[in-house]
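Coordinate analysis (summary)
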Amino acid sequence: TCESISFDVGACELDIGAALSMQGIKLVREAKGCATLVFDSRDFGNFLAHPLFLASSCLVGVGGSKFTFDKSTARVSADGCLEYTGTWARDGVTRAIRMFRGENGSGAASLRVQSQTPNDDALERALEVFFTTLVIDLEGTELLYRDMTIDRTRERVRFNLDVTVKRFPSPNLQF
């Protein structure tokens, strides 16, 4: 589920020969653009449990230990954070996590993760890398994190994503 979704994708180039010979629609040149997803707390929880998200592998940290998100705890907070809990298989401890928009050293927007468990720097950095490099593949259309903003008044998160259309998804794609 999601409150709203929008795509703005540039031009692509089709293989006309393949289309005319009934081999289907094939791209000669990929289309690139951007997408915006707006989630409320329930939507964000559903995203954390969605098979497309889980297929991207939630292996984080040294040794690639699985981090299992608890969708029932996900919420967009009024203080401008995404909050959720999850269990890191490395030690079996369930942690409360807060994600928020920060800035890197050059002033560009970045994603910050904060564990409520002391001395969890390795997990915090690993989750930051996981979310900022996460690619959701919609059968040939790839979505990659660019940045996020949180509307504190409405308690909504807006994810801004880069889009690459490598091939057209099946008309039967199930979200």
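Our subject in this report is the structure included herewith. In this text the structure is predicted, and so the values were computed from the model without any measurement.

**Notes on the environment of glutamate 139**
- Its location among the elements puts glutamate 139 in the loop between β10 (135-138) and β11 (141-151).
- Taking relative accessible area as the criterion, glutamate 139 reaches 29% and is therefore assigned partly exposed.

**A word on the pattern of salt bridges**
- All chains considered together, the criterion is met by 13 salt bridges.
- Here aspartate 91 ties to arginine 95 by a salt bridge, and the two come within 2.6 Å at their closest N and O atoms.
- Between aspartate 162 and arginine 146 there is a salt bridge whose closest N-O contact spans 2.9 Å. Here the residue aspartate 162 occupies a position in strand β12 (residues 156-165), and arginine 146 occupies one in strand β11, the gap between them amounting to 16 residues.

**Looking at the nonpolar core**
- Counting residues in each nonpolar core, the largest one holds 35 residues, and the members touching the most others are Tyr84, Phe131 and Phe159.
- If you tally residues by element for this core, the top one is β12, at 5 residues.
- In this structure, phenylalanine 159 is in contact with Ala35, Thr36, Leu37, Phe39, Phe44, Leu82, Tyr145, Asp147 and Met148, ignoring residues within four places of it in sequence.

**Considering the environment of histidine 50**
- Tracing the backbone shows histidine 50 in the loop between α2 (41-49) and α3 (51-54).
- The spatial distance from the C-alpha of histidine 50 to the C-alpha of threonine 1 is 9.6 Å, given a sequence separation of 49 residues.

**A word on the packing of aromatic side chains**
- Applying the stated criterion across every chain yields a total of 15 aromatic pairs.
- Aromatic ring contacts, followed pair by pair, group Phe39, Phe44, Phe47, Phe53, Phe67, Phe69, Tyr84, Phe130, Phe131, Tyr145 and Phe159 into a single cluster.

**Some points on the sheet that holds strand β1 (residues 4-9)**
- As summarised here, the arrangement of the 5 strands in space is β1-β4-β12-β11-β10, forming an open sheet in which the pairing is antiparallel. Strand pairing shows two members of the sheet lacking a second neighbour, β1 and β10, which therefore form its edges. Sheet twist, expressed as the average angle between the axes of neighbouring strands with direction ignored, equals 25°.
- Both β1 and strand β4 (residues 31-39) contribute to a ladder of 6 bridges, which runs antiparallel. In the strand pairing of β4, serine 6 is matched with threonine 36.

**Here we look at the side chain of threonine 164**
- With respect to the element layout, threonine 164 can be found in strand β12.
- A distance of 3.4 Å separates the side chain of threonine 164 from the side chain of lysine 32, its partner in a polar contact.

**Quick notes on a nonpolar patch on the surface**
- A cluster of nonpolar side chains, Ile5, Phe7 and Val9, forms an exposed patch at the surface whose accessible area comes to about 250 Å².
- When you line up the elements, valine 9 lands in strand β1.

**Topic: the environment of arginine 112**
- In this fold, arginine 112 is placed in strand β9 (residues 109-115).
- The class of arginine 112 is partly exposed, set by a relative accessible area of 28%.
- The sequence separation of arginine 112 and glycine 102 amounts to 10 residues, and the corresponding C-alpha distance is 5.7 Å.

**As for the pairing of β12**
- Burial analysis of β12 places 7 of its 10 residues in the buried class, the great majority of the element.
- With 10 bridges connecting them, β11 and β12 associate as antiparallel partners. Pairing of methionine 148 across the sheet is with phenylalanine 159, part of β12.
- What sits between the antiparallel neighbours β11 and β12 is a turn of 4 residues, in which glutamate 155 has the positive phi angle 55°.

Analysis parameters
Residues numbered from 1 in each chain as written. Predicted model: local features only at pLDDT ≥ 70, side-chain atom pairs only at ≥ 80, totals over all residues. Heavy atoms only, no water. Helix = DSSP H or I, 4+ residues; strand = E, 2+ residues; numbered from the N terminus. Buried < 20%, exposed > 50% of the residue type's maximum accessible area, 1.4 Å probe, protein only. Salt bridge = Lys/Arg side-chain N within 4 Å of Asp/Glu carboxyl O. Core = buried A, V, L, I, M, F, W, Y, C linked by side-chain atoms within 4.5 Å. Contact = heavy atoms within 4.5 Å. Phe/Tyr/Trp six-rings, centres within 6.5 Å; stacked < 30°, edge-to-face > 60°. Pairing = 2+ DSSP bridges. Axes fitted to C-alpha atoms, helices over the stretch in contact; angles between N-to-C directions. Polar contact = N/O pair within 3.5 Å; in protein donor to acceptor, adjacent residues only side chain to side chain. Patch = residues over 30% accessible without salt bridge, like charges linked within 9 Å, V, L, I, M, F, W, Y side chains within 5 Å. Areas by Shrake-Rupley, 256 points an atom, 1.4 Å probe, with all protein chains shown as cover.

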